[in-house]
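# Notes for the structure review
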Amino acid sequence: MNIVIAAEKPSIAMLLSDHVKRRVEARDIKVSENPDETGSFFVGLGFERFILSPNGEVHADRLNLDLVSPEV
């Protein structure tokens, strides 16, 4: 699973770039699994936190800012 997450960081960065309307590099994000939803990920970008849902939608994680686990 960790290899899949690492390989997908460029794709996740591209989706996040579209959401935040600025360029995001894969090296600038931290990605961890979301234990509350299969196929969902927490994405950290500096002090901002987002959730990537299984269908590819990105939204701000306003409720669980302190639950992002270390980078996978």
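To keep things clear, this report deals only with the structure shown in the data block. (Residues numbered from 1 in each chain as written. Predicted model: local features only at pLDDT ≥ 70, side-chain atom pairs only at ≥ 80, totals over all residues. Heavy atoms only, no water.)

### Quick notes on the nonpolar core
Note the threshold: To define a nonpolar core, start from buried Ala, Val, Leu, Ile, Met, Phe, Trp, Tyr and Cys residues and group those joined through side-chain atoms within 4.5 Å. Relative accessible area decides the class of each residue, using a 1.4 Å probe on protein chains only: under 20% of the type maximum gives buried, over 50% gives exposed, and in between gives partly exposed. Helix and strand assignments follow DSSP, with helices taken as H or I runs no shorter than four residues and strands as E runs no shorter than two, numbered in order from the N terminus. Any pair of residues with heavy atoms lying within 4.5 Å of one another is described as a contacting pair.
Of all hydrophobic cores here, the largest spans 13 residues; its most connected members are Leu-16, Val-24, Ile-29, Val-43 and Phe-50. Residue assignment for this core shows that the elements contributing at least two residues are α1 (2–20), β1 (29–33), β2 (41–45) and β3 (48–52). When residues in this core are grouped by element, the largest group, four residues, is from α1. Excluding residues that lie within four positions of it along the chain, Leu-16 makes contacts with Val-24, Ile-29, Val-43, Leu-45, Phe-50 and Val-58.

### Details of the pattern of salt bridges
How we decide: Salt bridges are identified by distance alone: a Lys or Arg side-chain nitrogen within 4 Å of an Asp or Glu carboxyl oxygen.
Within this structure, the stated rule accounts for two salt bridges. Between Glu-48 and Arg-22 there is a salt bridge, and its shortest N-O distance comes to 2.8 Å. One end of the pair, Glu-48, is in strand β3; the other, Arg-22, is in the loop between α1 and β1, and 26 residues separate them in sequence. Of the charged contacts, one joins Arg-23 and Glu-25 as a salt bridge, the two residues approaching to 2.5 Å between their closest N and O atoms. By relative accessible area, which is 24% here, Glu-25 ends up partly exposed.

### Some words on unusual backbone geometry
In the Ramachandran plot, Lys-21 falls in the positive-phi region, its phi being about 60° despite a non-glycine side chain. Relative accessible area serves as the criterion here: at 72%, Lys-21 is assigned to the exposed category.

### Regarding the pairing of β2
We count it as follows: Pairs of strands are assigned from DSSP output, requiring at least two bridges between the strands.
Most of β2 sits out of view: five of its five residues are buried. Neither face of β2 is open: one carries Phe-41, Val-43 and Leu-45, the other Phe-42 and Gly-44, and all of them are buried. Where β1 lies against β2, five bridges are found, and the strand directions are antiparallel. Bridge pairing links Glu-33 to Phe-41 in β2. Examined bridge by bridge, β2 and β3 share five bridges and lie antiparallel to one another. Paired with Gly-44 across the bridge in β3 is Arg-49.

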